[in-house]
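The primary structure of each chain is shown beneath.
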Amino acid sequence: MSHIQCSIGRHQVLIEQDVLSVRIMGPFLPDAATQLLQLADQQFREHGRVFLVADVSESDRPGQRRGAWLLAGRVWAAMWR
């Protein structure tokens, strides 16, 4: 299985077909959320589904705005600490 590694600011992203694995490093701001959702949308269009797995162990505590983008679309996510 092939994969693509990229970054969104300090955050690390691994794309493996319909799975996006992201490691959140520090604050997760609206611009980064927008870019991540664009990647998710691209993978959804290509594969018909997309799964998002986020490692938030090195992220800053979430603020009120940070969680709001998850409500904007149909996103399934698994997060662990």
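The shown structure was predicted, so the numbers you read here are calculated from the model rather than taken from an experiment. (Residues numbered from 1 in each chain as written. Predicted model: local features only at pLDDT ≥ 70, side-chain atom pairs only at ≥ 80, totals over all residues. Heavy atoms only, no water.)

1. Focus: the overall build of the chain
Inference 1: On a plain count of helices and strands, the chain comes out with 2 helices and 5 strands.
Inference 2: Put simply, the chain runs from its N terminus to its C terminus through helices and strands in the order β-β-β-α-β-α-β.
Inference 3: For the chain, the residues scored as buried account for 30% of the 81 residues in total.
Inference 4: Taking the contacts inside the chain whose residues are at least 6 apart along the sequence as the reference set, 51% of them involve residues at least 24 apart.
Inference 5: About 5,800 Å² of surface is accessible on the chain, with carbon and sulfur atoms providing 53% of the total. (Helix = DSSP H or I, 4+ residues; strand = E, 2+ residues; numbered from the N terminus. Buried < 20%, exposed > 50% of the residue type's maximum accessible area, 1.4 Å probe, protein only. Contact = heavy atoms within 4.5 Å. Areas by Shrake-Rupley, 256 points an atom, 1.4 Å probe, with all protein chains shown as cover.)

2. Let's talk about the pairing of strand β3 (residues 19-26)
If a strand is regular, its side chains alternate between the two faces of the sheet.
Inference 1: Pairing of strand β2 (residues 11-16) with β3, which is carried by 5 bridges, proceeds in the antiparallel orientation. Bridging from a neighbouring strand, Ile15 pairs with Leu20 of β3.
Inference 2: The turn linking β2 back onto β3 is made up of 2 residues, and Gln17 within it adopts a positive phi angle of 55°.
Inference 3: Where β3 meets strand β4 (residues 51-59), 7 bridges bridge the pair, whose relative direction is parallel. From the neighbouring strand, Val22 faces β4, where its bridge partner is Ala54.
Inference 4: Once you follow β3 into helix α1 (residues 30-47) and on to β4, the crossover reads as right-handed. (Pairing = 2+ DSSP bridges. Right-handed = clockwise from strand over helix to strand, strands pointing away.)

3. Topic: the pattern of salt bridges
Inference 1: As enumerated under the stated definition, the model contains 3 salt bridges in all.
Inference 2: Across the pair Asp18 and Arg49 runs a salt bridge, and its minimum N-O distance is 2.6 Å. Residue Asp18 is found in the loop between β2 and β3, and its partner Arg49 is found in the loop between α1 and β4; the two are separated by 31 residues along the sequence.
Inference 3: What makes Asp18 buried here is its relative accessible area of 13%. (Salt bridge = Lys/Arg side-chain N within 4 Å of Asp/Glu carboxyl O.)

These figures capture arrangement, not role.
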